[in-house]
Amino acid sequence: MAHEIIETNRNLSEIIMMGMRTRGVPLAERLAANIYAYEAAQISVGVLDFSLYRDDLGSRDLQPVVKSTSMPSGIDGKVVVLVDDVLFTGRSARAAMDALIDLGRPSAVKLAVLVDRGHRELPIRADYVGKNIPSSKEEEVQVKLTETDGLDEVSIYRKGETGKNR
Amino acid sequence: MIENNSQPASQTEAISWTRRHLLDIDEFSTAEFDLVMKTARVMEDILSRPIKKVPALRGKTIATLFYEPSTRTRSSFELAAKNLSADVVNLAASSSSVVKGESLIDTLYTLEAMGVEIVIMRHPLAGASHLAARYARSSIINAGDGAHAHPTQALLDMYTILKHKPNIAGLKIVILGDSRHSRVARSNIWGFTAMGASVTLCGPRSLLPVGLTSRNTVYSSVKLETDILRALDGADVVMALRMQKERQAAGLLPDIREYVTQFRLTPERLDTAKSDVLVMHPGPVNEDIEISTEVAAGPHSVIREQVSNGLAVRMAVLYLITGGNKK
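Each chain carries its own residue numbering, running from 1 in the written order of its sequence. Note on labels: chains are lettered from A, ligands numbered from 1, in written order. Only residues with pLDDT of at least 70 get local features here, since the model is predicted, and only at 80 or more are side-chain atom pairs given and counted; chain-wide, interface and lining totals rely on the full set of residues.

A.B. asks: Quick question: what am I supposed to make of the overall build of chain B here?
C.D. replies: Working definition: helices are DSSP H or I runs of at least four residues, strands are E runs of at least two. Numbering for both runs from the N terminus. When its secondary structure is counted, chain B shows 13 helices and 9 strands. Taken over C-alpha atoms, the radius of gyration comes to 20 Å for chain B, in line with the 20 Å a tight globule of 327 residues would show. Principal-axis analysis of the C-alpha atoms gives chain B an extent of 65 × 50 × 40 Å. Taken across its 327 residues, chain B has 46% of its residues classed as buried. Considering only contacts in chain B between residues 6 or more positions apart, those separated by 24 or more positions represent 75%. Within these notes, the globule rule equals 2.2 Å times the number of residues to the 0.38 power, and the radius of gyration is based on C-alpha atoms. Each residue is classed by its C-beta neighbour count within 10 Å, where at least 20 other C-beta atoms makes it buried, 12 or fewer makes it exposed, and intermediate counts make it partly exposed; the C-beta atoms are placed from backbone geometry. By definition, residue pairs are in contact when their C-beta atoms, positioned from the backbone, come within 7 Å.

A.B. asks: What is the right way to look at the overall build of chain A in this model?
C.D. replies: Looking only at helices and strands, chain A features 4 helices and 7 strands. Along chain A, from the amino end to the carboxyl end, the secondary structure elements read α-β-α-β-β-α-β-β-β-α-β. Against the globule reference of 15 Å for 166 residues, chain A gives a C-alpha radius of gyration of 16 Å, in line with a compact fold. Dimensions of chain A along its principal axes, counting C-alpha atoms only, are 45 × 35 × 30 Å. Per-residue burial for chain A yields a buried fraction of 42% across its 166 residues. Within chain A, counting contacts between residues at least 6 apart in sequence, those at least 24 apart form 62% of the total.

A.B. asks: What should I look at first to understand the sheet that holds strand S5 (residues 128-132) of chain A in this one?
C.D. replies: Two pairing modes exist for strands in a sheet, parallel and antiparallel, and in both the strands are linked by backbone hydrogen bonds. Residue and element names in this part refer to chain A. In short, DSSP must find at least two bridges between two strands for them to pair. Pairing within the open sheet is parallel, and its 5 strands lie in the order S2-S1-S3-S4-S5. Strand pairing shows two members of the sheet lacking a second neighbour, strand S2 (44-48) and S5, which therefore form its edges. When strand polarity is set aside, the average angle formed by the axes of neighbouring strands in this sheet is 25°. Bridge count for strand S1 (residues 15-20) against strand S3 (residues 79-87) is 5 bridges, and the pairing is parallel. Within S3, the position partnered with Gly 19 by the bridge is Val 83. The strands touched by helix H2 (residues 24-39) are S1, S2, S3 and strand S4 (108-116); relative to S1, the strand with the most contacts, the crossing angle is about 150°. All axes here are fitted lines through C-alpha atoms, helices being fitted over the stretch that makes contact, and every angle between N-to-C directions spans 0 to 180 degrees. Together, S1, S2, S3 and S4 form the strand contacts of helix H3 (residues 91-101), whose direction differs from that of S3 by roughly 155°.

A.B. asks: Mind showing me how you'd approach the nonpolar core here?
C.D. replies: Nonpolar side chains tend toward joint burial in soluble globular proteins. Met 17 of chain A together with Val 119, Val 174 and Val 238 of chain B are the most contacted members of the largest nonpolar core, which has 141 residues in total. Broken down by element, the residue count for this core peaks at 11 residues, all from helix H13 (residues 303-324) of chain B. Shared between two domains, this core takes at least three residues from each, and those domains are domain 1 (9-149 + 308-324) and domain 2 (151-305) of chain B. Here Met 17 of chain A is in contact with Ala 28, Leu 31, Ala 32, Ile 43, Val 45, Val 81 and Val 83 of chain A, once residues within four sequence places are set aside. Take the buried Ala, Val, Leu, Ile, Met, Phe, Trp, Tyr and Cys residues, join any whose C-beta atoms are within 7 Å, and the set you get is a nonpolar core. Either an automatic procedure or a domain database provided the assignment from which the domain bounds are taken.

A.B. asks: Which parts of the structure should I look at to understand the environment of Leu 270 of chain B?
C.D. replies: All names here are of chain B. Turning to its location among the elements, Leu 270 is positioned in helix H11 (residues 267-270). Taking the number of C-beta atoms within 10 Å as the measure of exposure, Leu 270 has 20 and is therefore buried. Along the backbone, Leu 270 and Gly 144 are 126 residues apart, and their C-alpha atoms lie at a distance of 29 Å. Not counting residues up to four positions away in its chain, the partners in contact with Leu 270 are Leu 232, Leu 265, Val 277, Val 295 and His 300.

A.B. asks: Would you mind showing me how to read helix H4 (residues 128-135) of chain B here?
C.D. replies: All names here are of chain B. Restricting attention to buried positions, one finds in H4 the residues Ala 128, Ser 129, Ala 132 and Ala 133. Relative to the axis of H4, the buried residues are bounded by an arc of 135° and lie together on one face. Those residues of H4 hidden inside the fold are in contact with helix H3 (104-113), strand S3 (118-123) and strand S4 (139-145). To be clear, the arc concerns the directions from the helix axis to the C-beta atoms.

A.B. asks: I'm lost on the sheet that holds strand S6 (residues 198-202) of chain B in this one. Help?
C.D. replies: Residues and elements named next belong to chain B. Taken together, 5 strands build an open sheet; the order of strands is S7-S6-S5-S8-S9 and the sheet is parallel. Two strands close off the open sheet at either side, each with one partner strand: strand S7 (222-225) and strand S9 (278-280). Taking each pair of neighbouring strands and ignoring which way they run, the sheet shows an average axis angle of 20°. Two elements, strand S8 (residues 237-240) and S9, share 3 bridges in a ladder whose sense is parallel. Bridge pairing in S9 places Val 237 opposite Leu 278.

A.B. asks: How do you make sense of unusual backbone geometry when you look at a structure like this?
C.D. replies: Following Arg 21 of chain A, the chain continues into Thr 22 of chain A via a peptide bond in cis, with omega recorded as 5°. For Thr 22 of chain A, the location among the structural elements is in the loop between S1 and H2. With phi around 55°, Ala 40 of chain A is a residue other than glycine that occupies positive phi space. When you line up the elements, Ala 40 of chain A lands in the loop between H2 and S2. You will see that Ser 85 of chain B, though not glycine, has its phi angle at about 70°, which is positive. Relative to the assigned elements, Ser 85 of chain B resides in the loop between helix H2 (72-83) and strand S2 (87-92).

Here it is, written out as structure tokens:
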């Protein structure tokens with residue numbers, strides 16, 4: 001994915017990686033570290049909390065915990081790559097885009113996801129995909145990362161069951 | 001239709017807030033205080049952005065229902081609601097059907113019939129918002145009821161202190177003035193003692209609460225002091241309360257000049273406190289009565305900051321309450 005980002009962006013200094021909380025954040029950092037390793041280009045990484053922009057606030061049993069958003073610098077005129085672990089309905093990506101637009105006016109917004117599991121409910125697609133994993137709606141796809149969960153793992157399981165590797 | 005499973009539950013941290021109303025903070029757990037503080041920090045970030053608005057409460061209708069005059073609390077709540085994209089209707093009792101004799105509960109039902117989901121209420125009688133909450137289908141937020149409670153003021157005071165001190169626990173906090181009739185003092189006593197601070201109330205005997213220490217275990221760490229220098233000795237925080245003129249009329253204070261001589265917070269008296277003492281005041285300030293202008297505008301004063309923090313804290317409360325609505 002880091003290679004793809006390098007190939008499609010001529011000016012790497014204009015890129016800002018915005019990790020979508022929670023697991024998009026370490027992924028954004030890893031991508032930035034890889035790009036630095038390949039091209040010696042410093043990519044700034046920000047953290048985006050989009051919970052106040054979700055479309056299901058108030059219809060859930062409990063409100064999500066809101067956390068801080070941090071930006072390395074202004075995003076005006078920059079290419080912002082939103083980074084998340086799983087792309088599913090596209091509703092998180094929609095919320096994240098709205099949250100981002102309230103912070104400034106990037107020249108372009110791109111989406112990078114580790115896993116695309118299909119079942120979009122909105123007209124959204126990812127620009128960079130780690131792996132396409134076709135799944136059923138009855139299944140859950142869970143990404144675990146060393147930084148947040150102690151190990152790197154992608155698991156698919158039927159709803160209600162506990163995680164089983166595939 | 002919005003599917004509840006659009007994001008897997010395991011990937012989104014949900015909060016442990018189940019309160020539908022905010023009436024008082026006397027039953028708050030430390031985890032709840034903590035959650036309000038953390039949420040308020042995020043709201044403060046939002047307030048520092050060029051676009052100070054998030055869509056979290058879009059489509060919600062909120063009413064402020066004030067049976068007492070207020071500038072900062074009412075406008076603070078209104079702006080907080082608007083920053084979260086809620087629609088706000090403001091009712092002042094003096095210019096509403098209350099004048100025609102409509103009861104509190106009838107007014108509440110009328111607002112609810114118009115789709116109001118959160119009612120922010122101030123009333124001169126203690127317990128008014130508790131009464132309203134018993135009949136309400138909406139969420140009630142107490143913005144001050146008589147001499148009883150003013151929970152959001154206590155939360156914003158706590159938030160303000162935590163911006164300057166790492167912990168509330170272990171601090172010596174002095175509340176100066178009429179703590180007997182002050183809902184601000186009462187709510188703050190609950191909050192500060194719950195977080196482990198030692199609270200000293202200072203003022204003339206007639207304005208100190210009666211039987212505080214014996215009534216409840218929470219109050220056991222509360223000291224009463226009639227000598228201002230003894231009270232201020234080693235204090236980390238001094239909060240001056242507004243001297244309410246109506247108390248004079250009630251004969252509790254023989255002479256305002258006597259109070260000023262003995263209890264006004266002056267630079268000389270403040271020297272007794274710690275060098276990094278915070279000076280607070282819930283407002284509005286009667287300058288040179290309870291606090292000298294020099295101190296109110298001095299380097300230790302966080303009075304203005306309290307007002308800004310109030311906005312962030314009220315945004316946090318409104319956001320959390322909307323979640324508690326479901327239960």
